Amino acid sequence: MSHSDPPVSGVRPARTIVDAIQFGTTTPGELSVPARNTGTVILLTPLLGCGVGEQTSLAHMLNDQGLATLTVALVTRNSHPVDRTTLPALAQRLADIAEWAPSEPQLTGRPCGCLAAASEAAVALMAAAHRPRCLDALVIVAGRTDLIEPQLALVEAPTLLVEGGSDEADLQRARTALGILPGDADLTIVAGLDEAAVAESACRQVADVAGQWFRQHFAAAIDSPTWQIDHEVAVDSRP
């Protein structure tokens, strides 16, 4: 995995929080936008115990790297769990959210990606497979790629697979997915990620590798003439 520009450092970036953004009537979200915003990352919650407490939240760690975050809960306690029957509707909802994002004034002219874990990772992968231009990059954490394995070959978005490394079955599942994904894809190991209680250090490492992946591929996307045409963004209008 190649390196991109270094994270934003210094004073913690100013944030604008918008509570309960509604997509239809059932998907509230929390939008957090740093002063220097290079792209938007949709976070599907929960994420393996990461994000508990403001100082350790994945969203704020990504904000500190110059990435806006939109945290949404597609699956709630009262909804059906993610499985092969609910996947298509959830993926359509996520794709709608990703296509809505550029219409938000604070996010206009910025690429959009998604970070998802476990079964919700299959939702992100299906959204990318069915609507290839809605997501510019993906980070899949301990993802249930087996739920969407037949469609992985349709995922064009650059995809980083993140695993804990101690479960051989999970690793093999990720390696199988890596062999099917047709575009830029990579697998990285974060020690301790598959523990029952995910350590703050593991959450921070996930944020680091995810932030690097998103910044690298967001920069490549916005330099693409195809992306500029799709989003009606002129090169000389970028910040």
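For the structure itself, look to the data block above.
Residues numbered from 1 in each chain as written. Predicted model: local features only at pLDDT ≥ 70, side-chain atom pairs only at ≥ 80, totals over all residues. Heavy atoms only, no water.

Caption draft 1: Looking closely at the overall build of the protein. Along its length, the protein carries six helices and eight strands. Walking the protein from its N terminus toward its C terminus, one meets helices and strands in the order β-β-β-α-β-α-β-α-β-β-α-β-α-α. Taking all 239 residues of the protein together, the buried fraction comes to 49%. Considering only contacts within the protein whose residues lie at least 6 apart along the sequence, 70% involve residues at least 24 apart. (Helix = DSSP H or I, 4+ residues; strand = E, 2+ residues; numbered from the N terminus. Buried < 20%, exposed > 50% of the residue type's maximum accessible area, 1.4 Å probe, protein only. Contact = heavy atoms within 4.5 Å.)

Caption draft 2: Quick look at the nonpolar core. One finds Ile42, Leu94, Cys114, Leu135 and Leu138 to be the most contacted residues of the largest nonpolar core, which totals 44 residues. Of all elements in the fold, only strand E2 (27-33), strand E3 (40-44), strand E4 (68-72), helix H2 (87-100), strand E5 (112-117), helix H3 (118-130), strand E6 (137-141) and helix H4 (168-180) reach the threshold of two or more residues within this core. Tallying contributions element by element places H3 first for this core, with nine residues. For leucine 135, the residues in contact, after removing those within four places along its chain, are Ile42, Ala98, Cys112, Gly113, Cys114, Ala124, Ala127, Ala128 and Ala157. One finds Ala117, Val139, Leu193 and Ala207 within the second-largest nonpolar core, a separate group that totals 26 residues. (Core = buried A, V, L, I, M, F, W, Y, C linked by side-chain atoms within 4.5 Å.)

Caption draft 3: Examining the pattern of salt bridges more closely. Within the structure shown, the criterion is met by seven salt bridges. With a closest N to O distance of 2.8 Å, arginine 131 and glutamate 99 form a salt bridge. Residue arginine 131 is located in the loop between H3 and E6, and its partner glutamate 99 is located in helix H2; the two are separated by 32 residues in the primary sequence. For arginine 131, a relative accessible area of 23% translates into the label partly exposed. With a relative accessible area of 45%, glutamate 99 lands in the partly exposed category. Arginine 173 serves as the salt-bridge partner of aspartate 170, at 3.0 Å between the closest nitrogen and oxygen. Here aspartate 170 pairs with arginine 173, and both are found in helix H4, just three residues apart, close to one helical turn. A single salt-bridge network, built from bridges that share partners, covers Arg144, Asp146, Asp170 and Arg173. (Salt bridge = Lys/Arg side-chain N within 4 Å of Asp/Glu carboxyl O.)

Caption draft 4: Here's a closer look at the pairing of E6. The buried fraction of E6 is high, at five of five residues. Of the two faces of E6, both are covered, the one formed by Ala137, Val139 and Val141 as well as the one formed by Leu138 and Ile140. Relative to E6, E5 runs parallel, the two sharing five bridges. Pairing of alanine 116 across the sheet is with isoleucine 140, part of E6. On the question of chirality, the crossover connecting E5 to the parallel E6 by way of H3 is right-handed. (Pairing = 2+ DSSP bridges. Right-handed = clockwise from strand over helix to strand, strands pointing away.)

Caption draft 5: Quick look at the environment of serine 57. You can see serine 57 is positioned in the loop between E3 and helix H1 (58-63). On the basis of relative accessible area, serine 57 is assigned to the buried category, the value being 8%. Considering only alpha carbons, one finds serine 57 and alanine 207, 150 residues apart in sequence, at a separation of 9.3 Å. Among the polar contacts listed, one links the side chain of serine 57 to the backbone nitrogen of histidine 60, at a separation of 3.2 Å. (Polar contact = N/O pair within 3.5 Å; in protein donor to acceptor, adjacent residues only side chain to side chain.)

By themselves, these observations are geometric and do not establish any function.
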